[in-house]
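Below, each chain spelled out in residue letters.
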Amino acid sequence: MATKKTRRGGGEPSGKQPSGSTTPADRTSADDGAKTADTASGTTKTKAPTPKKSTTKKPAAKKTTLKEVVAASTTSAKSSGNKKSSSKKSPARKSPARKPAVSKTSTVKAAESATEPKAAPASKGRKVDKIGTYNSAVRWILELTDVERQRVVKYDENGDFKLDRMRALLAALGDPQDQFRAIHVAGSNGKGSTIAMISAMLRKCGYGVGEFTSPHLVDIRERICINGQRITKNEFTESMKALAKAATEIGERPTFFEAITAISFMHFAAQAVDVAIVEVGLGGRLDSTNVIMPVLSVITEIQLDHTKILGTTLEKIAVEKAGIIKPGVPVITREQQEDVDRVLREKAESVGTTIRVVNKEIEFSNRFCSTVELGPHNRVCLYTETSRLEHLPVPLPGEHQAFNCGLALAAVDHLKSIGFECPESVVTEGLEETVIPGRMQLVWDRPRILVDGAHNPDALTALMRCVGAHVPYDSMVCVFGCGQDKDVDALLDRVSLGADKVIFTKAVRNTRAVEPEELRRRFMERSGKMCQTAGSVKEALELAARAVSREDLICVTGSFYLVGETIKHLEAVRKSREDAASPVG
């Protein structure tokens, strides 16, 4: 039986969406017919689910410093291996420091730039003593090679994906990845949604759950959470110091993703999570997360994505995703296309482990229904030797989410089979509390602005179907941008099927973004629909807002970078208007 550890409290919420409610000023300006993004109102932020509290009072644990963790882990990792101490208590998280009041003279531009510092010009061998503040820590990591933003990626063991470098770095840090149990999640579509549902269920059952996901939308710390709380700025800074020192000692310069992965492992080990859900960044075989020995590997839907890096066929991409399959570690996946299924099964057999498919080896069913309470939604059933889960409402909209939900339920059922306490009634309650930013998220009311990070043809098809089934509207204006490593023409075809008008733009953070004019030219060759270009997200939103009425919908999609910049801009607008409306003094 898996013993639950003390869970972190307080901290900073991990939600990536802007908060706030419609003010009288918002309603008045909208009713007067103003149609710009600056005349909209924000949506109410959803609170992260609160883990079940233990009925037994435990004394507050002393907070472990990063130096103590690194020093102690060097010896403990070798002796303990994958055995996790069930009685170890997590240090209590300190409450975040109160932020100073925002000046009434602050502008939207200032608010937009305040979230995260910009990277300084790259320089070799920045000294560790230069990392003294959170901003300097972020600048340090942003100077590293970032595969997520590179135009040309060296995808091989001797390029930007060196697992030996990652292992050496972690060894210098005391091998924190060996000090917690983990679930490893790979796939093309549905990783974030599946992780969110698994986390919500386990947290409701009272477990301390770490989440490592990518990319972030606004704040880099969104990638590292425990029980819905982001790593604090101080924790991030101290971890960055330790990592920079370790990198100097081994004479290696990690990539951005290697560094952020290592920081997440350090954080999860220091806080003694019960389980960490670790999302693969790219592919799987050579991904820096592929140094963990998890208790379960989960593979979501595999489709054509990152074709210039991972390969141009489903079979080649499946080989990369299957790289996370390890000897003795059970694998759970969903129904895949025939070539993908064959690759996964062959890999599992070759390394000596089992693979179970939801709706094949695991009994599963789903159906679409509509109720007064929930409106149109999907319900799923899943049956195993240890669980009988019937007619559970899928918490996220869209038929595709039913399959992700089945995968998440199967993962929790597996943990139940190895000793985790997961009562079916509590699992059901936890599932209902699932929240995931950046997926089918309505971030503004007037005009209505919906964001979704769909970034490949299948995900975009699912989005358009989902919007049609769940969001009533007269016409849709789509704000679209994507990366050069995508199947651009196929994405444009999907956009054409769902949108009445398209505005092409690009995210400033995404150096691999296709130029808006190039998107417009290719779109016009394939479709006769109206389209425009905008040089920035802000300009695109303003164009879209002028083109819609109250019953229309603006949908921002094609890239998580685009979604992140949209949320960041709208949050800055909301803060600026709140400051202007607040009484002076």
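In the block above lies the structure referred to throughout.
First, a word on scope: everything that follows refers to the structure included in this document. Note that the structure is predicted; figures quoted are calculated from it, not measured.

On to the sheet that holds strand E13 (residues 441-444). Remark on secondary structure: sheet strands pair via backbone hydrogen bonds, oriented parallel or antiparallel. Sheet architecture is open: six strands sit in the order E13-E14-E18-E15-E16-E17, paired in mixed fashion. Every other strand in the sheet has two partners, leaving E13 and strand E17 (530-533) as the edge strands with one partner each. Geometrically, the sheet is characterised by an average inter-axis angle of 25° between neighbouring strands, direction not taken into account. As paired strands, strand E15 (residues 476-480) and strand E18 (residues 553-557) are joined by five bridges and run parallel to one another. Looking at the pairing, phenylalanine 480 lines up with threonine 557 of E18. Lying on the sheet, helix H15 (residues 488-498) is in contact with E15 and strand E16 (501-504); it crosses E15 at an angle near 160°. Set on the sheet, helix H16 (residues 516-526) makes contact with E15, E16 and E17; between it and E17 the angle comes to about 165°.

A sheet is described by the order of its strands in space; here three strands give the open sequence E10-E11-E12, paired in antiparallel fashion. The sheet is open, and its two edges are formed by strand E10 (363-371) and strand E12 (388-393), each paired on a single side. When strand polarity is set aside, the average angle formed by the axes of neighbouring strands in this sheet is 15°. Where strand E11 (residues 375-383) and E12 come together, four bridges link them in antiparallel fashion.

This part takes up helix H7 (residues 233-250). Its 18 residues give H7 an end-to-end C-alpha distance of 26 Å, which sits within 8% of 26 Å, the value for a rise of 1.5 Å per residue. When we look at burial in H7, the residues that qualify are Glu235, Phe236, Thr237, Ser239, Met240, Ala242, Leu243, Ala244, Ala246 and Ala247. Backbone geometry just downstream of H7 places glycine 251 in the positive-phi region, at approximately 70°.

Before going further, it helps to spend a moment on unusual backbone geometry. With an omega of -5°, the peptide bond running from serine 214 to proline 215 counts as cis. Among the structural elements, proline 215 can be located in the loop between strand E3 (209-212) and strand E4 (224-226). Here the amide bond leading from arginine 446 into proline 447 is cis, since omega sits at -5°, within 30 degrees of zero. As for its position among the elements, proline 447 is in the loop between E13 and strand E14 (449-452). Phi at alanine 272 takes a positive value of approximately 50°, unusual for a residue other than glycine.

Rules behind the numbers
- Residues numbered from 1 in each chain as written.
- Predicted model: local features only at pLDDT ≥ 70, side-chain atom pairs only at ≥ 80, totals over all residues.
- Heavy atoms only, no water.
- Pairing = 2+ DSSP bridges.
- Helix = DSSP H or I, 4+ residues; strand = E, 2+ residues; numbered from the N terminus.
- Axes fitted to C-alpha atoms, helices over the stretch in contact; angles between N-to-C directions.
- Contact = heavy atoms within 4.5 Å.
- Expected span 1.5 Å × (residues − 1).
- Buried < 20%, exposed > 50% of the residue type's maximum accessible area, 1.4 Å probe, protein only.

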